[in-house]
Every structure is written in C-alpha cells, then in structure tokens.
Amino acid sequence: MADFWDLHCHYVWGVDDGARTIEDSVGILRGLAALGFSRVIATPHMRPGLFNNSREGIEEAFARTREMLADTDIPELALSSEHYFDDVVFQRVLAGDGLPYPGGKAVLFEFYEVDFPYTVDHRLADVRRHGMVPIIAHPERYQAIWRSPEILQRLIEGGAGALLDVAALAGKYGKKPQRSAEELLERGLYHAACSDAHRPEDVAQVKIGMQRVEARYGIEEVEFLFYEGPRALLEGRLPS
C-alpha cells in the first residue's frame, strides 16, 4: 500500500525548529513520498516563549511554503499545529484560535517532558466536550510514561489518542524513548504514527522505524499506523 498519511511533520520552513529553507521542505516531502506517503500534514509548534507562533502566523508561513512548492512533485499538503499544553495555548484551542487537524475533529498536543499536569484528565475531557479528539504527540518521549505506561492507558481510556513518532524505534531520541516506544507498541496503545521530520535526513530514520514495525508485527501494523489510524483520528474517532 502506498497511500500513507503523516499527521505530524515540520516541513514549513522558517517558522520553528523544522525546515530551515525551502530546499529542506522539498527534501523532507520527497523523502516521505518515496516511502509511500500521499498526504503530509504540517504541524508547526505553537509554544509561547520558545516558538511564539499564532494561528495567523502559521497559516501565512504554510501559504508561503505551499506557493513555493506549487510545481514540485510532492504529497498533498495540509496544515495543523503542535500545541504545547500550557494555559495560554490550551485556552487558544478552546477559543477557536488554535489549529486543529483538517475537519476540526482532532487536535494535536505536546506535553512537558518530565511530567503531566495534575489537571490533564479534566482538560482533555474539556477538549472532547468541544467536539475534538485530543491527540498526544510522541508519548514515548515523556519521562512520566517511561516510569508508568499506565498513565497513557488512563488517558486513552478517557478518550485521548496516542501518536507514535516512528523514528523513536530507530533510536533517534536515545535508548529510553526507543524502549518506551517498543513497550507502548507492544501494549497496543498507539492509534497512529508519524514522521515528526524536521530535516531531510530524518526520513532515513522514519524508514528504519517503519521497517522495524513491519519486521515485528507485519505490514498490517504499518498500514494501521499510517493508513487506517490517521484517517480515523481525523474523522474524530479512535481506531481499534
């Protein structure tokens, strides 16, 4: 199957720590196309104090990038954002000033590396009441989940989705995130996977991660993580 969707990628140049030039954008997207991706959703950071991006600024950067790529043979492009889970950005999301996924039925959140806020269950429930599935970006990178994978299980039972950064399986972020990704995958806690590519060279690790999923679980799991799961999440439902 060659119709994969990538729900989390940083190919919009000049807006965060992702692509630095339009050549980076082209390299990322062509690399993903070679792996079978037909649609890639840009998710620039919205994280005050580090990446002070507003919805309008991200939309302008995406429009600029898409225009410059108009005559390039690349996957279909779409836009969302990686929303940092602090008070400022959370309120933006509820007020309609965030950037949910296309269709407005799911929204991507990035959390603290060390721990989750005490109010996380209630706040994710608020997102659900606003008609969106909250999706947890790369849970394998959070130290709280290294210590207790049951935290992710609890959040999923409360209606959240979990998105694997497949490059973690190639050791991109170190041994602990890799082991966490392997354990969460074994537990069946992921609803989809993504590239989270920031540079063209990241695509090689995405390929290795996909190969490791296939070697351990078969091509059906790859298709679930990059075909069935992404479509279900964008429809506002958790795939099973």
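The following paragraphs examine the structure supplied in this document.

Analysis parameters
- Residues numbered from 1 in each chain as written.
- Predicted model: local features only at pLDDT ≥ 70, side-chain atom pairs only at ≥ 80, totals over all residues.
- Heavy atoms only, no water.
- Helix = DSSP H or I, 4+ residues; strand = E, 2+ residues; numbered from the N terminus.
- Rg over C-alpha atoms; globule rule 2.2 N^0.38 Å.
- Buried < 20%, exposed > 50% of the residue type's maximum accessible area, 1.4 Å probe, protein only.
- Salt bridge = Lys/Arg side-chain N within 4 Å of Asp/Glu carboxyl O.
- Pairing = 2+ DSSP bridges.
- Contact = heavy atoms within 4.5 Å.
- Axes fitted to C-alpha atoms, helices over the stretch in contact; angles between N-to-C directions.

Another point: the overall build of the protein chain. Assigned secondary structure in the protein chain consists of nine helices and nine strands. On C-alpha atoms alone, the protein chain measures out to a radius of gyration of 16 Å, which is about the 18 Å that the 2.2 N^0.38 rule sets for 240 residues. On the principal axes, the C-alpha backbone points of the protein chain span a range of 45 × 45 × 30 Å. Across the 240 residues that make up the protein chain, the buried fraction comes to 55%.

This paragraph deals with the pattern of salt bridges. Scanning the entire structure with this criterion turns up 15 salt bridges. Ionic pairing is found between Arg55 and Glu59, a salt bridge with its closest N-O pair at 3.1 Å. Residue Arg55 and its partner Glu59 are both found in helix α2 (residues 55-68); the two are separated by four residues, about one turn of the helix. Exposure remark for Arg55: the relative accessible area of 28% places this residue in the partly exposed category. Of the charged contacts, one joins Lys172 and Asp202 as a salt bridge, the two residues approaching to 3.4 Å between their closest N and O atoms. With a gap of 30 residues between them, Lys172 in the loop between β8 (161-165) and α7 (175-186) and Asp202 in helix α8 (residues 202-217) connect regions that are remote in the sequence. It is possible to trace a salt-bridge network through shared partners that takes in Arg141, Asp165 and Asp196.

Read from one edge of the open sheet, six strands run β3-β5-β6-β7-β8-β9, paired in parallel fashion. At either end of the open sheet lies a strand with only one pairing partner, and these are β3 (45-46) and β9 (192-194). Both strand β5 (residues 82-84) and strand β6 (residues 106-110) contribute to a ladder of three bridges, which runs parallel. In the sheet register, His83 faces β6, and the bridge partner there is Phe109. Packing of helix α4 (residues 120-129) onto the sheet brings it into contact with β6 and β7 (133-137), and relative to β7 it is tilted by some 135°.

Turning our eyes to something else, we now look at the pairing of β7. Counting buried positions along β7 gives five out of five residues, so the element sits mostly inside the fold. With burial as the criterion, each face of β7 is covered, one bearing Val133, Ile135 and Ala137 and the other bearing Pro134 and Ile136. As paired elements, β6 and β7 share four bridges and run parallel to each other. The residue of β7 that forms the bridge with Leu108 is Ile135. Strand direction decides the pairing type here: β7 and β8, joined by three bridges, are parallel. Paired with Ile136 across the two strands is Ala162, which belongs to β8.

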